Amino acid sequence: MRKQVKGNVSWVGYLDWELQLFHGHDYRIEHGSSQNAYLIEEEKTVLVDTVWSPHRSEFVENLKREVDLKSIDFIVANHGECDHSGSLVELMKEIPDTPIYCTKSAVKSIQGQYGDRGWDMRVVKTGDTLDIGNGKTLTFIETPMMHWPDSMATFLSGDNILFSMDAFGQHYAVEDLYADLADQDILWGEALKYFVNILNPFAGFVAKKLAEIEAMDLPIEMIAPSHGAIWREDPLKIVGKYAEWADAYQEDRVVVAYGTMWKGTERIAHAIADEIYRQSPTTNVHVFDVEASDKNEVMTEVFRSRAIAVGSPTYINGLLAGVEGWLAFLRSLKFKGKKAAAFGCYGWSGESVRILQDKLAGAGFDVVEPSIRANWVPDESDLSAIPDLVRALLAEPANADV
Ligand SMILES: Cc1cc2nc3c(=O)[nH]c(=O)nc-3n(C[C@H](O)[C@H](O)[C@H](O)COP(=O)(O)O)c2cc1C
Ligand SMILES: [Fe+2]
Ligand SMILES: [Fe+2]
């Protein structure tokens with residue numbers, strides 16, 4: 001089935017209501033998702049992207065019901081990742097000679113995944129245009145590292161739609177297609193979660209690219225991303241949000257994240273949270289046992305925070321494996337301008353706090369002292385350093401421009 005987007009543009013993607021995990025086990029989906037593909041039917045017929053390979057047959061069958069496949073003049077592949085290119089093999093069996101417009105890097109990623117099948121790959125660069133008749137053109141805009149080297153966006157003049165690819169998307173299945181018809185809390189929560197977990201590592205590229213797109217002065221009236229809802233009302237609001245988020249974003253929030261075996265480290269975590277409330281009642285605190293929590297949600301909270309406290313007991317001369325894995329993910333997201341403190345219990349050798357401090361510094365956090373390192377079960381003397389730890393965490397940075 002197709003859904004009209006605007007003018008002669010239709011949505012021909014896949015609403016993925018059942019999706020629970022994305023990127024393997026890396027991203028937990030809470031409200032479904034979609035892979036958005038679009039059909040533009042002017043004098044030329046253009047297919048913008050496809051859907052993930054598990055849905056390829058359904059996608060091609062559906063497309064056949066909507067349009068004679070032979071009438072498709074061009075395919076635009078904005079991104080080589082298989083959630084958008086995954087139906088190409090099935091589709092190209094039917095129309096092997098149809099040219100595919102993509103970046104130079106997408107030729108590599110597409111051929112890398114599906115082999116060189118002799119498809120007519122047409123490499124485009126920022127500013128290249130394609131005339132599709134009726135006075136309308138497509139303009140291509142490379143968006144490298146948003147979030148793969150091969151990513152690009154495509155602007156359709158006349159209807160003034162920016163097909164933005166993964167950028168500005170959300171993992172959210174919206175039957176009604178448009179962001180203004182979706183549940184706003186879920187929509188903005190999912191848009192933020194997507195930015196944090198997929199795009200934040202490349203925030204520097206995002207900020208530069210947004211400035212470049214602004215300078216192109218495109219009269220954008222609609223932003224149609226590759227996942228989730230289409231931004232129709234005030235489409236530049238999400239662009240403004242991205243600019244804010246890409247600029248070392250933070251609110252007056254703190255995350256306390258820990259792992260524990262026998263609840264000693266948990267006790268310190270709770271005491272830190274209570275002390276934050278005591279010193280700064282308006283600061284919003286979230287406490288997570290990271291081994292039991294949805295890491296994408298925790299990371300979204302970390303992103304919103306100005307500081308974090310991270311705890312682990314010493315476990316065989318190191319950290320709990322769940323905390324270690326969580327720290328690896330934390331590091332990969334490249335957060336900026338945030339403080340961190342470390343805490344944990346131990347029995348004999350007690351390495352965990354030192355390791356936590358090193359890893360937090362390695363993840364780009366400004367590590368403050370003191371730390372809390374409790375032998376066996378935390379007692380009053382261990383907890384007595386918590387007010388100082390919290391004061392250091394909440395202190396304004398010496399150089400206030402972070
Ligand atoms: C499987 C296991 C391995 C441990 N390995 C170490 C260790 O190598 N060095 C150490 O100082 N303590 C070690 N401990 C002791 C814990 O760090 C100690 O019991 C601590 O109080 C547990 O904190 P928790 O209540 O937050 O789980 C180990 C405990 C367990 C159960
Ligand atoms: Fe992607
Ligand atoms: Fe995607």
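No experiment lies behind these values; they were computed from the predicted model shown.

Overview of the site of ligand 1
Here comes step 1: Neighbouring ligand 1 are 18 residues; Thr 260, Met 261, Thr 265, Asn 317 and Ser 349 lie closest to it.
Here comes step 2: Thr 260 places a side-chain nitrogen or oxygen 2.7 Å from an oxygen atom of ligand 1.
Here comes step 3: A distance of 2.8 Å separates a nitrogen atom of ligand 1 from a polar backbone atom of Ile 316.
Here comes step 4: Surface burial for ligand 1 is 85%, taken as the share of its 640 Å² of free accessible area covered by protein chains.

A few points about the sheet that holds strand 12 (residues 129-133)
Here comes step 1: Ordered by their spatial adjacency, five strands build an open sheet running 12-13-14-15-16, and the pairing between neighbours is mixed. Single-partner strands in this sheet number two, and they are strand 12 and strand 16 (222-225). Taken over all neighbouring pairs, the strand axes of this sheet differ in orientation by 20° on average, direction set aside.

A look at the pairing of strand 7 (residues 38-41)
Here comes step 1: The pairing of strand 2 (residues 9-11) with strand 7 spans three bridges and is antiparallel. Of the residues in strand 7, the one forming a bridge with Trp 11 is Tyr 38.
Here comes step 2: Where strand 7 lies against strand 8 (residues 45-48), four bridges are found, and the strand directions are antiparallel. Bridged to Tyr 38 within strand 8 is Val 48.
Here comes step 3: In textbook terms, the turn of a hairpin is the stretch between consecutive antiparallel strands, and for strand 7 and strand 8 this stretch comprises three residues.

Here's the deal with the domain arrangement of the protein
Here comes step 1: We note that the domain assignment places domain 1 (3-245) and domain 2 (254-394) within the protein.
Here comes step 2: Between domain 1 and domain 2, the buried area comes to about 1,100 Å², and carbon and sulfur atoms account for 55% of it.
Here comes step 3: Joining domain 1 to domain 2, the criterion identifies zero salt bridges.
Here comes step 4: Along the contact surface separating domain 1 from domain 2 lie six residue pairs in polar contact (both at pLDDT 80 or more).
Here comes step 5: Listed by contribution, the elements that provide at least two residues to the side of domain 1 that touches domain 2 are strand 5 (27-28) and helix 5 (184-199).
Here comes step 6: The element that contributes the greatest number of residues to the side of domain 1 that touches domain 2 is helix 5, accounting for five residues.
Here comes step 7: Within the side of domain 1 that touches domain 2, the residues separate by chemical class into six nonpolar, three polar and four charged.

Section: helix 5
Here comes step 1: The terminal C-alpha atoms of helix 5 lie 21 Å apart, and with 16 residues this matches the ideal 22 Å at 1.5 Å per residue to within 8%.
Here comes step 2: Most of helix 5 is tucked away, with twelve of its 16 residues classed as buried.
Here comes step 3: Buried residues along helix 5 sit against strand 5, helix 6 (203-215), helix 7 (236-245), helix 9 (295-304) and helix 10 (321-332).

A look at the sheet that holds strand 9 (residues 74-76)
Here comes step 1: Taken together, the seven strands give an open sheet; going across it, the order is 1-2-7-8-9-10-11, and neighbouring strands pair in mixed fashion. Each edge of the sheet is formed by a strand with only one pairing partner; in this case those strands are strand 1 (3-6) and strand 11 (121-123). Shown here is a sheet whose adjacent strand axes are inclined to one another by a mean of 30°, direction ignored.
Here comes step 2: Relative to strand 10 (residues 100-102), strand 9 runs parallel, the two being bridged by two bridges. What sits directly across from Ile 75, in strand 10, is Ile 100.
Here comes step 3: Set on the sheet, helix 4 (residues 104-114) makes contact with strand 10 and strand 11; between it and strand 11 the angle comes to about 150°.

A look at the coordination of the iron ion (ligand 3)
Here comes step 1: Taken together, the protein donors to the iron ion (ligand 3) comprise Asp 83 (OD), His 84 (NE2), Asp 166 (OD) and His 227 (NE2), at separations of 2.1 to 2.2 Å.
Here comes step 2: Considering all four donor atoms around the iron ion (ligand 3), angles at the metal cover 86 to 174° and the coordination shape is irregular.
Here comes step 3: Mapping the donors of the iron ion (ligand 3) onto the primary sequence gives the spacing D-H-x81-D-x60-H.
Here comes step 4: Here the iron ion (ligand 3) and the iron ion (ligand 2) are spaced 3.4 Å apart, linked through Asp 166, which binds each one. Of this pair, His 84 sits in helix 2 (residues 82-85) while His 227 is found in the loop between strand 16 and helix 7, placing the two residues 143 residues apart along the sequence.
Here comes step 5: Judged by its relative accessible area of 1%, His 84 is buried.

What to know about the side chain of Ser 352
Here comes step 1: Within the element layout of this structure, Ser 352 appears in helix 11 (residues 352-362).
Here comes step 2: Here Ser 312 takes part through its backbone oxygen, which lies 2.8 Å from a polar atom of the side chain of Ser 352.
Here comes step 3: The residues contacting Ser 352, other than those within four sequence positions of it, are Ser 312, Pro 313, Thr 314, Gly 318, Leu 319, Gly 344 and Cys 345.

Description of the environment of Val 196
Here comes step 1: Inspection of the secondary structure assignment puts Val 196 in helix 5.
Here comes step 2: Spatially, the C-alpha atom of Val 196 lies 37 Å from that of Lys 93, the residues being 103 residues apart in sequence.
Here comes step 3: Excluding its chain neighbours within four sequence positions, the residues that come into contact with Val 196 are Pro 201, Met 299, Thr 300, Phe 303, Leu 333 and Phe 335.

The rules we used
- Residues numbered from 1 in each chain as written.
- Chains lettered and ligands numbered in written order.
- Predicted model: local features only at pLDDT ≥ 70, side-chain atom pairs only at ≥ 80, totals over all residues.
- Heavy atoms only, no water.
- Near = heavy atom within 4 Å.
- Polar contact = N/O pair within 3.5 Å; in protein donor to acceptor, adjacent residues only side chain to side chain.
- Areas by Shrake-Rupley, 256 points an atom, 1.4 Å probe, with all protein chains shown as cover.
- Pairing = 2+ DSSP bridges.
- Helix = DSSP H or I, 4+ residues; strand = E, 2+ residues; numbered from the N terminus.
- Axes fitted to C-alpha atoms, helices over the stretch in contact; angles between N-to-C directions.
- Domains from an automatic or database assignment.
- Buried area = accessible area lost by both parts, 1.4 Å probe.
- Salt bridge = Lys/Arg side-chain N within 4 Å of Asp/Glu carboxyl O.
- Nonpolar A, V, L, I, M, F, W, Y, C, P; charged D, E, K, R; others polar.
- Expected span 1.5 Å × (residues − 1).
- Buried < 20%, exposed > 50% of the residue type's maximum accessible area, 1.4 Å probe, protein only.
- Contact = heavy atoms within 4.5 Å.
- Donors = N, O, S within 2.8 Å, 3.2 Å for Na, K, Ca; no water.
- Tetrahedral: all angles 85-135°; square planar, octahedral: opposite > 155°, others 65-115°.

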